[in-house]
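Each chain, written out:
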Amino acid sequence: GADDCSLKIWDIRQTQRPTHKIGDSEFEAGVTAITPHPALDHILAVGSYDEYVRIYDHRMMDQLLEKICVGGGVWRIKWHPFCWGVDGTRGHCGKMLVAAMHGGCRVVNVPTLDGAPSNENMG
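As the structure is a computational prediction, the values presented were derived from the model and not from experiment.

Conventions adopted
- Residues numbered from 1 in each chain as written.
- Predicted model: local features only at pLDDT ≥ 70, side-chain atom pairs only at ≥ 80, totals over all residues.
- Heavy atoms only, no water.
- Helix = DSSP H or I, 4+ residues; strand = E, 2+ residues; numbered from the N terminus.
- Buried < 20%, exposed > 50% of the residue type's maximum accessible area, 1.4 Å probe, protein only.
- Contact = heavy atoms within 4.5 Å.
- Areas by Shrake-Rupley, 256 points an atom, 1.4 Å probe, with all protein chains shown as cover.
- Salt bridge = Lys/Arg side-chain N within 4 Å of Asp/Glu carboxyl O.
- Core = buried A, V, L, I, M, F, W, Y, C linked by side-chain atoms within 4.5 Å.

Colleague: Would you explain the overall build of the protein in this entry?
Modeller: The number of helices and strands found in the protein is one helix and ten strands. Along the protein, helices (α) and strands (β) appear in the sequence β-β-β-β-β-β-β-β-β-α-β when read from the amino end. Counting only residues that meet the buried cut, the protein has 41% of its 123 residues in that class. Expressed as a percentage of contacts within the protein between residues at least 6 apart in sequence, the contacts between residues at least 24 apart total 38%. Element-wise, carbon and sulfur atoms account for 51% of the exposed surface of the protein, whose accessible area totals about 7,200 Å².

Colleague: Can you help me understand the pattern of salt bridges in this one?
Modeller: Once the charged atoms of two side chains with opposite charge are near each other, the side chains can pair. As enumerated under the stated definition, the model contains two salt bridges in all. Note that Asp 50 and Arg 54 form a salt bridge whose closest N and O atoms lie 2.8 Å from each other. Like Asp 50, the residue Arg 54 is buried in the burial classification. Across the pair Arg 59 and Asp 57 runs a salt bridge whose closest N-O atoms are separated by 2.6 Å. Arg 59 sits in the exposed class, given a relative accessible area of 54%.

Colleague: How should the nonpolar core be read in this particular structure?
Modeller: A general tendency of soluble globular proteins is for nonpolar side chains to be buried together. Val 53, Ile 55, Val 70, Trp 79 and Met 96 are the most contacted members of the largest nonpolar core, which totals 19 residues. For this core, the secondary structure elements donating two or more residues are strand S4 (43-48), strand S5 (52-57), strand S7 (74-79) and strand S8 (95-100). Within the second largest apolar cluster, five residues are counted, among which are Val 31, Val 46, Tyr 56 and Met 61.

Colleague: Would you take a moment to explain the side chain of Asn 109 for this structure?
Modeller: Mapping Asn 109 onto the fold places it in strand S9 (residues 104-109). Classification of Asn 109 by relative accessible area gives buried; the value is 0%.

Here it is, written out as structure tokens:
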């Protein structure tokens, strides 16, 4: 990510050019945070100064899974460290802590990852 409003993903086996590039129309401001999910291998959370956290599956980067407004430019994203409950069911796969400029720190839930309500604001 960078101030050019684009996200580029590189494969270290192919260093001539990025394997994926998202930009031009998706991000309205600089990309500030990229965080892989600790348990769901292909999931990435991408934050931007445009106040949104976007969720992607890196196998299908052209399809945005989720776009969540967090009330300010995103500084940092931290996924919940535990995805599965003791009984083997999905528990907190979609939860993340987001630090945003104006929105402060908040717990955000990504409904497409665990079916929970969309946001739990803490401010």
